[in-house]
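# Notes for the structure review
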Amino acid sequence: MTKEATPIRSVCVYCGSQPGRDPDHMQAGRLLGKSIASHGLQLVYGGGTRGIMGAVASGVLSAGGHVTGIIPEFLMDKEATRHSLGQLNELIVTADMHERKHKMFERADAFVALPGGIGTLEEIIEIMTWAQLGRHRKPMVFGNINGFWTPLLELLQHMRDEGFVHTAHLVQPLVIDKAEEIVPGILGAAASKGREGESGIISKL
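In short, a report on the structure.

## Section: the overall build of the protein
Helix and strand counts for the protein come out as 8 helices and 9 strands. Relative to its length of 205 residues, the protein is compact, with a C-alpha radius of gyration of 16 Å against a globular reference of 17 Å. Each principal axis of the C-alpha distribution contributes one length, and for the protein these read about 45 × 35 × 30 Å. For the protein, with 205 residues in total, the buried portion stands at 46%.

So, in structure tokens, the structure goes:
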């Protein structure tokens, strides 16, 4: 593999398909979506049109940006409606969750986790695992809105302290508290170091 700087063109956002109890989380989704579009980037996400997922997508679309939704067929009527999915610029329907995650990885140049549930947690942890194994060097961000991810970040630090996070230098996600600072943070991180080429990575995962 080569180590060449690759410009950030698309951002994958993992987040809840529910709005949650804190209204700031929905607002963060909308702000992040608008920021993605205003920086000329594209959104790659799980295709849901409800909850924080819907807020991010509508934020991008309202600012004239491009949205690619990637959703398994069995979730189409659970996390979205057929009509709302038709509003996306691009919709990719997959056979299962495994295919969805691979396509999201393939399409994205950076990853952001906003507040969400078990599915959101599983997705960003898997991306961190792939980074630890040297499979990519794409920027990863925890959007720590109102301290949502702080308990997880403390657990991750505990794992490091106990010697269970090997090659920890490969797992250095950004932690950003404000939605409007996430995209500038990604662009700054990408500019400061090259990103490992992706050729052949998908087949190795």
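## Describing the pairing of strand β3 (residues 42-45)
Direction of pairing for strand β2 (residues 10-14) relative to β3: parallel, over a ladder of 4 bridges. Directly across from Val 11, in β3, lies its bridge partner Leu 43. Crossover β2 to β3 through helix α1 (residues 23-38) is right-handed. As paired elements, β3 and strand β4 (residues 66-72) share 4 bridges and run parallel to each other. Bridge pairing links Val 44 to Thr 68 in β4.

## Thoughts on unusual backbone geometry
Even without being glycine, Asn 146 reaches a positive phi, approximately 50 degrees. As for its position among the elements, Asn 146 is in the loop between β7 (140-143) and α6 (150-161). Classification of Asn 146 by relative accessible area gives exposed; the value is 53%.

## Here we look at the packing of helix α4 (residues 97-107) against helix α5 (residues 118-132)
One way to put it is that α4 packs onto α5 with a least axis distance of 12 Å and a crossing angle of 60 degrees. The orientation of α4 relative to α5 falls into the category oblique. Note that α4 runs across α5; the crossing there is right-handed. Residue-level inspection shows Arg 100, Lys 101, Met 104 and Phe 105 of α4 in contact with α5, the latter providing Glu 122, Glu 123, Glu 126, Ile 127 and Trp 130.

## Focus: the packing of aromatic side chains
Evaluation of the coordinates by the stated rule reveals 5 aromatic pairs. Between Phe 105 and Phe 111, the ring centres sit 5.9 Å apart and the planes meet at 10 degrees, which makes this aromatic pair stacked. Ring geometry for Phe 148 and Trp 149: centres 4.9 Å apart, planes at 90 degrees, overall edge-to-face. The exposure class of Phe 148 is partly exposed, given its relative accessible area of 30%. Residue classification places Trp 149 among the buried positions, given a relative accessible area of 4%.

## Overview of the pattern of salt bridges
In this structure the tally under the stated criterion is 4 salt bridges. When the shortest N-O distance is used, the salt bridge between Arg 9 and Asp 109 registers 3.4 Å. Of this pair, Arg 9 sits in the loop between β1 (3-4) and β2 while Asp 109 sits in the loop between α4 and β6 (111-113), and the two are 100 residues apart along the sequence. In this structure, a network of salt bridges that share partners links the residues Lys 101, Glu 122 and Glu 126.

## Quick look at helix α7 (residues 182-192)
Every α-helix carries 3.6 residues per turn, so stepping three or four residues along brings you back to the same face. Of all the positions in α7, only Ile 182, Val 183, Ile 186 and Ala 189 are classed as buried. Looking straight down α7, one finds that the buried residues subtend no more than 125 degrees of arc, so they occupy a single side. Projecting away from the buried face of α7 at angles above 90 degrees are the exposed residues Ala 191 and Ser 192. Structurally, α7 contributes buried residues whose contacts are with β2, α1, β6, β7 and β8 (174-176).

## Thoughts on a nonpolar patch on the surface
Residues Leu 155, Met 159 and Phe 164 make up a contiguous nonpolar surface patch of roughly 310 Å² in combined accessible area. Checked against the element boundaries, Met 159 lands in helix α6.

Parameters at a glance
- Residues numbered from 1 in each chain as written.
- Predicted model: local features only at pLDDT ≥ 70, side-chain atom pairs only at ≥ 80, totals over all residues.
- Heavy atoms only, no water.
- Helix = DSSP H or I, 4+ residues; strand = E, 2+ residues; numbered from the N terminus.
- Rg over C-alpha atoms; globule rule 2.2 N^0.38 Å.
- Buried < 20%, exposed > 50% of the residue type's maximum accessible area, 1.4 Å probe, protein only.
- Pairing = 2+ DSSP bridges.
- Right-handed = clockwise from strand over helix to strand, strands pointing away.
- Axes fitted to C-alpha atoms, helices over the stretch in contact; angles between N-to-C directions.
- Parallel < 35°, antiparallel > 145°, perpendicular 65-115°, else oblique.
- Left-handed = near helix turned anticlockwise from the far one by under 90°.
- Contact = heavy atoms within 4.5 Å.
- Phe/Tyr/Trp six-rings, centres within 6.5 Å; stacked < 30°, edge-to-face > 60°.
- Salt bridge = Lys/Arg side-chain N within 4 Å of Asp/Glu carboxyl O.
- Arc of directions from axis to C-beta.
- Patch = residues over 30% accessible without salt bridge, like charges linked within 9 Å, V, L, I, M, F, W, Y side chains within 5 Å.
- Areas by Shrake-Rupley, 256 points an atom, 1.4 Å probe, with all protein chains shown as cover.

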